[in-house]
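As a plain string of letters, each chain reads:
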2 protein chains.
Amino acid sequence: MKYTFNPQKRVLMGPGPSDAHPRVLKAMATPLIGHLDPQFVQMMDEVKDMVQQTLLTKNELTFVVSAPGSAGMETCLVNLLEPGDECIICINGVFGGRMADIAERCGAKVHKITTSWGQVTSTEQVKEALKACPNPKLLATVHAETSTGALQPLKEISDLIHDAGGLLVVDAVTSWCGVPLKVDEWGIDAIYSGTQKNLSAPPGLSPVSFSPRAVKVLENRKTKVQSWFLDLNLVKNYWAGAKRAYHHTAPVSSVYALHEALSIVLEEGLEKRWERHQNVHNYLKSELEKLGFTYLVDEENRLPNLNAVYLPETVKNEAALRSTLLNDYNIEVGGGLGDFAGKIWRIGIMGESCTKNHVNMLIGALKELL
Amino acid sequence: MKYTFNPQKRVLMGPGPSDAHPRVLKAMATPLIGHLDPQFVQMMDEVKDMVQQTLLTKNELTFVVSAPGSAGMETCLVNLLEPGDECIICINGVFGGRMADIAERCGAKVHKITTSWGQVTSTEQVKEALKACPNPKLLATVHAETSTGALQPLKEISDLIHDAGGLLVVDAVTSWCGVPLKVDEWGIDAIYSGTQKNLSAPPGLSPVSFSPRAVKVLENRKTKVQSWFLDLNLVKNYWAGAKRAYHHTAPVSSVYALHEALSIVLEEGLEKRWERHQNVHNYLKSELEKLGFTYLVDEENRLPNLNAVYLPETVKNEAALRSTLLNDYNIEVGGGLGDFAGKIWRIGIMGESCTKNHVNMLIGALKELL
């Protein structure tokens, strides 16, 4: 049995991946070089520099996990938590729940702040949680909840957890390079993201950064990190060590793509990129509302690049409509997760998929179909 | 600061990655589609089928971990081991040692069979270990030790561990698609490999396969798997479940490349590919020996595709010679690891790098340099 693979060209407007820039695709086709080649090592330094620039951080321990964003999440938690540690985790969607699951697998005692999906965690809730858990090792929260399209304000929560002597851990998978995110200014201690959303590189890598405060926690661990693959004591010798000690074989081509995608972000300018996501969101929003879509999240905490919307009441079968969009127009949008399955759509306008042309393709198709 | 990346073309003859086929590089440049797109899901099924064919297994639980080979190693061990379990691990190089490290992080009691680097584990050693540990949960061994170039015979060890009621776990990172490897015939219960050696796809993914016996162990676990990212109870619903439940975002482009590379292997034919590696090895060996190189591993257990050799005595600084090869000829070979650092070279002839032309480039350069 012989297989060939020549997929239909898609227009990616779901929760990720987004369309990749042709320059990024071209970078992927660059012939391989070794993961310890001086040329590769220099390129890794450039990637680190560009990750720092786009996260607005000077954190020395900034590097890239050789696996998707979920592994970046696990990297942050398994390195900072030890059995018996107490932590606070904010849950207002799938990814907060995933963080709690991982923290429990680390043997930590997890205090959950549970908020309705589509809402954000309030400072009052955090204060309340700190009463029940006055000395948490860390508080973890999702900046941009991909399952609901809610954008979590971070600065006040950061002050609260630091006053309690703990670290702030942030999931920035859907916020990095798409909406304002200021790691040093906001006092974020450990942050992870992914390459496949606003960055528009292929999925598969997870940039991670640890503050000096978080590094100190790492250095004072009493137990071994439970994951060998994600143990920063080992990984950092490859990404940051003077000797570039072999740890694992880096996904060479994916790092090429990340390098090119980061270059494109910096050529556009980080703030201009944030503005573009906001402007295209405003256009998409007005067009969707004309068609009878309504937003799940209040305007105040609404993520511009991931639009979680209820469908017009005339639509009885959202899955069938999504299939038609995919099959007849090659446009991918996402369905809802959890309780929102069958009820909402998640429309991504991220990175290269964040253009008025993308909005016009989607709206034009919907006008025909509705 | 603006970065561009246009690396020198290298000839990859180290321990990995190897040169990628132009068809594989082209596949990497295919525009992205969603990881839940029906086109992608069908392609995953084809990848699974081709991984089964190349591993010579019918194992239903055959899939691809979204991270490099080391994560495949961790996947096998964290899913099969629980705290307090006893296991036997054969160590005759870096990668056996890594397995022991991971097993200890799982809370297992590890009985190590330690053999000099360059040797293989004997059946007598296994029988001895089984006296000290008569009911091991598993025995883990490396089929092809990338740090030494030793090829471990597996069939007799397989019988011994099965007679003791345990599972056989095998590292096939450097053997898969390069030397004979017969998962079902040899009774291997859990196996992992990587995409970047004899397969000649870019590094970053790890094919894994579990026998029905290993699946039963999975199903009877008393504790949660300590890694969320690698928990097969969750991963299998994406790779094998009828509903293709979202777990993490798959590295779409890397799976494209794996699909194309597997197609190339099957077009060549698995046995012909094994023969090619043996034939090119014979040619390389005779040329290296003429130049005064000598092999670390006895002929009987010598891996054909990863040649660990002592340098001629006239070479006083192997690192300088390797640098010259890289800088002046763009040829990458690997140095030694651990006690062999500075003492041996590891010359890979794997996948697309396994041709007489590659050998002639290397030997021609060495003749000029020595």
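Residues numbered from 1 in each chain as written. Chains lettered and ligands numbered in written order. Predicted model: local features only at pLDDT ≥ 70, side-chain atom pairs only at ≥ 80, totals over all residues. Heavy atoms only, no water.

## Some words on the pairing of strand β8 (residues 167–171) of chain A
Residue and element names in this part refer to chain A. Our working definition: Throughout this description, buried means an accessible area under 20% of the type-specific maximum (1.4 Å probe, protein chains only), exposed means over 50%, and partly exposed covers the range between. Secondary structure elements are taken from DSSP: a helix is a run of H or I of four residues or more, a strand is a run of E of two residues or more, and numbering for both begins at the N terminus. The pairing criterion is simple: DSSP has to find at least two bridges between the two strands.
Taking burial as the measure, the five residues of β8 include five buried ones, the bulk of the element. Burial along β8 is two-sided: Leu167, Val169 and Asp171 and Leu168 and Val170, pointing in opposite directions, are all buried. Where β8 meets strand β9 (residues 190–192), three bridges bridge the pair, whose relative direction is parallel. Counterpart to aspartate 171 in the pairing with β9 is tyrosine 192.

## Quick notes on the packing of helix α5 (residues 123–132) of chain B against helix α6 (residues 155–163) of chain B
All names here are of chain B. Rule in force here: With axes taken as lines fitted to C-alpha atoms, and helix axes fitted only over the stretch in contact, angles between N-to-C directions fall between 0 and 180 degrees. These descriptions rest on fixed angle ranges, namely under 35 degrees for roughly parallel, over 145 for roughly antiparallel, 65 to 115 for roughly perpendicular, and the rest for oblique. Crossing handedness is defined as follows: a turn of the near helix away from the far one that is anticlockwise and smaller than a right angle gives a left-handed crossing, while the clockwise case is right-handed. In this description, contact between two residues means that some pair of their heavy atoms is separated by no more than 4.5 Å. Polarity classes work like this: nonpolar for Ala, Val, Leu, Ile, Met, Phe, Trp, Tyr, Cys and Pro, charged for Asp, Glu, Lys and Arg, and polar for all others, with Gly in that last group.
The geometry of α5 relative to α6 is characterised by a closest axis approach of 10 Å and an angle of 15 degrees between their N-to-C directions. Between α5 and α6, the angle falls in the class roughly parallel. Handedness of the α5/α6 crossing: right-handed. Mapping the contact onto sequence places Thr123, Val126, Lys127 and Leu130 in α5 and Glu156, Ile157 and Leu160 in α6. Residue composition of the contact of α5 with α6, by class: four nonpolar, one polar and two charged.

## Here's the deal with the pattern of salt bridges
Going by this rule: Salt bridges are counted wherever a side-chain nitrogen of Lys or Arg sits within 4 Å of a carboxyl oxygen of Asp or Glu.
For the coordinates displayed, the defined rule picks out 36 salt bridges over all chains. Where Glu268(A) meets Arg273(A), a salt bridge forms, and the shortest distance between an N and an O atom there is 2.9 Å. Take Glu268(A): its relative accessible area is 24%, and that puts it in the partly exposed class. Residue Arg273(A) is classed as buried on the basis of its relative accessible area, which comes to 1%. Linking Lys48(B) and Glu60(B) is a salt bridge whose minimum nitrogen-to-oxygen distance equals 2.8 Å. Taken as a pair, Lys48(B) in helix α2 (residues 38–55) and Glu60(B) in the loop between α2 and β2 (61–65) lie far apart in primary sequence, twelve residues in all. For Glu60(B), a relative accessible area of 54% translates into the label exposed. In the salt-bridge network here, residues are joined through shared partners; they are Asp101(A), Arg105(A), Lys224(B) and Asp231(B).

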